[in-house]
Amino acid sequence: MSDDRTEPESVRSVAEPDGAERRRPAETRFDQARWTTDGTYEPLLAEKDLTRVEVGADDAGLPDALTRDSVELPALSEPELARHYTRLSQMTYGITSGPYPLGSCTMKYNPPFTEDVGALPGAAVHPDRSDESIQGTLELTFRLQDYLGRIGGMDAVTLQPPAGAAGEFVGIRVASAYHEHNGEGYRDEVIVPESAHGTNFATAALGGYDVVSLPSDEDGRVDLEALEAALSENTAALMLTNPNTLGLFERDIGEIAEMVHDVGGLLYYDGANLNALLGRARPGDMGFDVMHYNVHKTFATPHGGGGPGAGPVGVVEELAPFLPAPRVRRTDAAGGPDANESADAPVGEGRYELFDPEHTIGKVHGFHGNWLVLVKAFAYIARLGDEGLADASAKAVLNANYLASQIEYEVPYGPVHHEFVASAGDQDAADVAKRMLDYGVHPPTTKWPEIVSEALMTEPTEVESKATLDQLAAAFDAVAAEDDATLEAAPERTSARRIDQVAAARNPRLSWQALDDD
Ligand SMILES: *Cc1c(COP(=O)(O)O)cnc(C)c1O
């Protein structure tokens, strides 16, 4: 990919319509909001002027020991409150601050209309209500099952799993139940390419399988000889994502599917990269038997920090009887109750009910899953339609290839689909990431996949314009030209410098009182 790259000189400046040159944005440095002079933080509301307020505890009907007559609350005007939260929001980096090309995570801007739909009266229903009284909820579930089935080329879908990783686990449990049912419970191996997401290895292990790691070939794709050697009568499944985590389409997918099926194994599709194929190609048509959808990556729902998201699972007909319970079906369709009946029927007509698939693996989530996330996904798919979804994948792929062609860091594998992996070369990818924050852009995913040394895994997504991609390219190139000392000292211009990420994850302080306890 480096061969046909535009000369760096010419990409550093962008021609204005009248031919004049203007400086590219990376040359302007970036300062994140910092609101204190002594290095401490924005005061918490509880640290502001407190005022004692009487509360009507008598009416609460609670035991005396649990009630108070008054509480201390911050005495703030509405603008003071608004400013507090605005300041806090400016002390971190989010998709509304600037581009967020975190590879594999698909951190795209989600249109607020999906939030509006999720907030409509009636979108949230009490989980214990009878099927009879939530026909609209069940219809929406049914239609989303159908949408996702059609998008993925799958015959039946469950919406219950609350995340991609949870979907993987459900998919592998369904595969186990299928093999068990066929008297092939002895199959004890799941094959996972070395470039796969960590959750694939964890899923296979948690599902009780021995994990067989599959090396990549020189092109960064599945090595067919290695696959041949790994496959046997003990193979329960091969887990793949396509395009893979290098952004490369597995061109031999037809042959791979045949090889796996020939030994009686199942082909699992990790749907995290489905945005590359949306409206153009379907895992089901490639020979995949079971897949999860990362609703919060491919469709709409802000994510990061652990959710909430949703990881529906789709399967081919043979696996449908093993899906989690309950699923939703139409009961009045011509031809009788059929969970796969197309959702083309007019909205609001028809009757819907919950049912347990014949050999179900059981329940995997309370009630209807992360319901409001599913409502948002439904709204997004319905609004974009077939053409909009196909347009999203086209732009995701175009944007990734454009950005890959513009940066000076080497991109060893390509052409790509929705993401690419550059190498930071002699620089430390983690330092590069910290330094990019100083230029006002979020860094890519770093040091993974390990096939590329000092990996910078970059996914601009379909939502960014050419101007923003140029801004990202300029930030990459500015950092590429800097020395180690500068990188090691970064970030300089953010509200917090380097934090202890391990301690933050392992030892979180979840309330301000914890600070006082030290
Ligand atoms: C994000 C991701 C997962 C896991 O999905 P979550 O929804 O975060 O649990 C699995 N595989 C790949 C390739 C991913 O990028």
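Shown above is the structure to which this text applies.
Read on for an overview of the structure. No experiment lies behind these values; they were computed from the predicted model shown.

Time to look at the overall build of the chain. Along its length, the chain carries 16 helices and 16 strands. The proportion of buried residues among the 518 residues of the chain is 47%. Considering only contacts within the chain whose residues lie at least 6 apart along the sequence, 72% involve residues at least 24 apart. Here the chain displays about 24300 Å² of accessible surface, and carbon together with sulfur accounts for 49% of that area.

So, on to the packing of helix α5 (residues 164-181) against helix α6 (residues 198-206). The N-to-C vectors of α5 and α6 enclose an angle of 40 degrees; their axes lie 9 Å apart at closest approach. One finds that α5 runs oblique with respect to α6. The interaxial crossing formed by α5 with α6 has right-handed handedness. Packed against α5, whose contacting residues are Ala 165, Glu 168, Phe 169 and Ile 172, the element α6 presents Thr 199, Asn 200, Thr 203 and Leu 206 at the interface. Of the residues contributing to the contact of α5 with α6, the split by class is four nonpolar, three polar and one charged.

Turning our eyes to something else, we now look at the sheet that holds strand β8 (residues 235-240). Spatial strand order, β5-β11-β10-β9-β8-β6-β7: seven strands in an open sheet with mixed pairing. Of all the strands in the sheet, the pair left with one neighbour each is β5 (156-158) and β7 (210-214). Neighbour-to-neighbour, the strand axes of the sheet open up by a mean angle of 20 degrees, direction not taken into account. Pairing of β8 with strand β9 (residues 266-271) involves four bridges; the strand directions are parallel. If you follow Leu 238 over to β9, its bridge partner there is Leu 267. In the packing of helix α4 (residues 135-152) onto the sheet, contacts are made with β5 and β10 (290-293), and the angle to β10 comes to roughly 120 degrees. The strands that α5 touches are β6 (189-193), β8, β9, β10 and β11 (313-315); relative to β9, the one it contacts most, it runs at about 170 degrees.

Okay, the pairing of strand β16 (residues 455-458) next. The side-chain alternation of β16 yields two buried faces, one formed by Ala 455 and Met 457 and the other by Leu 456 and Thr 458. In this structure, strand β14 (residues 420-423) lies alongside β16, joined through four bridges in antiparallel fashion. Along β16, the bridge assignment pairs Phe 420 with Thr 458. Direction of pairing for strand β15 (residues 445-446) relative to β16: antiparallel, over a ladder of two bridges. Across the sheet, residue Thr 445 finds its bridge partner in β16, namely Met 457.

Glancing now at helix α12 (residues 429-438). For α12, the tally of buried residues reaches nine of 10 residues, placing the bulk of the element in the interior. Contact partners of the buried residues in α12: β15, β16, α13 (466-480), α14 (484-489) and α15 (501-506). Looking at where α12 begins, the residue whose side-chain oxygen comes 2.8 Å from the main-chain nitrogen of Ala 430 is Asp 428. In the segment just after α12, Gly 440 is the residue with positive phi, at about 80 degrees.

This next bit is on the site of the ligand. In the vicinity of the ligand, the contacting residues are Ser 104, Ala 163, Gly 164, Ala 165, Glu 168, His 197, Thr 199, Asp 270, Ala 272, Asn 294, His 296 and Lys 297. In this structure, Ser 104 approaches the ligand through a side-chain N or O atom, which is 2.5 Å from an oxygen atom. Separating a nitrogen atom of the ligand from a side-chain N or O atom of Asp 270 is a distance of 2.5 Å. Computed on the free molecule, the ligand has an accessible area of 380 Å², of which 88% lies beneath the protein chains in the complex. Broken down by element, the shell around the ligand gets its largest block of residues, three residues, from α5. Residues that form the shell around the ligand fall into these classes: three nonpolar, six polar and three charged.

A separate point is the nonpolar core. Val 190, Leu 227, Leu 238, Ile 256, Phe 299 and Val 315 are the most contacted members of the largest nonpolar core, which has 68 residues in total. Residue contributions to this core peak at nine residues, all from helix α11 (residues 371-406). For Ile 256, the residues in contact, after removing those within four places along its chain, are Val 222, Leu 224, Leu 227, Leu 238, Leu 240, Glu 250 and Leu 267.

Bringing α6 into the picture now. Buried within α6 we find Asn 200, Thr 203 and Ala 204. The arc enclosing the buried residues of α6, seen along the axis, measures out at 95 degrees, which places them on a common side. In this fold, the buried residues of α6 make contact with α5, β6, β7, β8 and β9. Remark: Gly 208 follows α6 within two positions and exhibits a positive phi of approximately 90 degrees.

With respect to the helices and strands, Val 452 occurs in the loop between β15 and β16. Along the sequence, Val 452 and Pro 412 sit 40 residues apart, while their C-alpha atoms lie 7.7 Å from each other. Non-local contacts of Val 452, meaning those with residues more than four positions away in its chain, are made with Leu 246, Pro 412, Tyr 413, Val 421, Ala 422 and Ser 423.

Moving on: the environment of Val 441. Examined against the element boundaries, Val 441 turns out to sit in the loop between α12 and β15. Between the C-alpha atoms of Val 441 and Thr 468, which are 27 residues apart in sequence, the distance is 9.7 Å. Filtering out sequence-adjacent residues up to four positions away, Val 441 remains in contact with Tyr 93, Pro 99, Met 436, Gln 471, Leu 472 and Ala 475.

What counts and what doesn't
Residues numbered from 1 in each chain as written. Predicted model: local features only at pLDDT ≥ 70, side-chain atom pairs only at ≥ 80, totals over all residues. Heavy atoms only, no water. Helix = DSSP H or I, 4+ residues; strand = E, 2+ residues; numbered from the N terminus. Buried < 20%, exposed > 50% of the residue type's maximum accessible area, 1.4 Å probe, protein only. Contact = heavy atoms within 4.5 Å. Areas by Shrake-Rupley, 256 points an atom, 1.4 Å probe, with all protein chains shown as cover. Axes fitted to C-alpha atoms, helices over the stretch in contact; angles between N-to-C directions. Parallel < 35°, antiparallel > 145°, perpendicular 65-115°, else oblique. Left-handed = near helix turned anticlockwise from the far one by under 90°. Nonpolar A, V, L, I, M, F, W, Y, C, P; charged D, E, K, R; others polar. Pairing = 2+ DSSP bridges. Polar contact = N/O pair within 3.5 Å; in protein donor to acceptor, adjacent residues only side chain to side chain. Near = heavy atom within 4 Å. Core = buried A, V, L, I, M, F, W, Y, C linked by side-chain atoms within 4.5 Å. Arc of directions from axis to C-beta.

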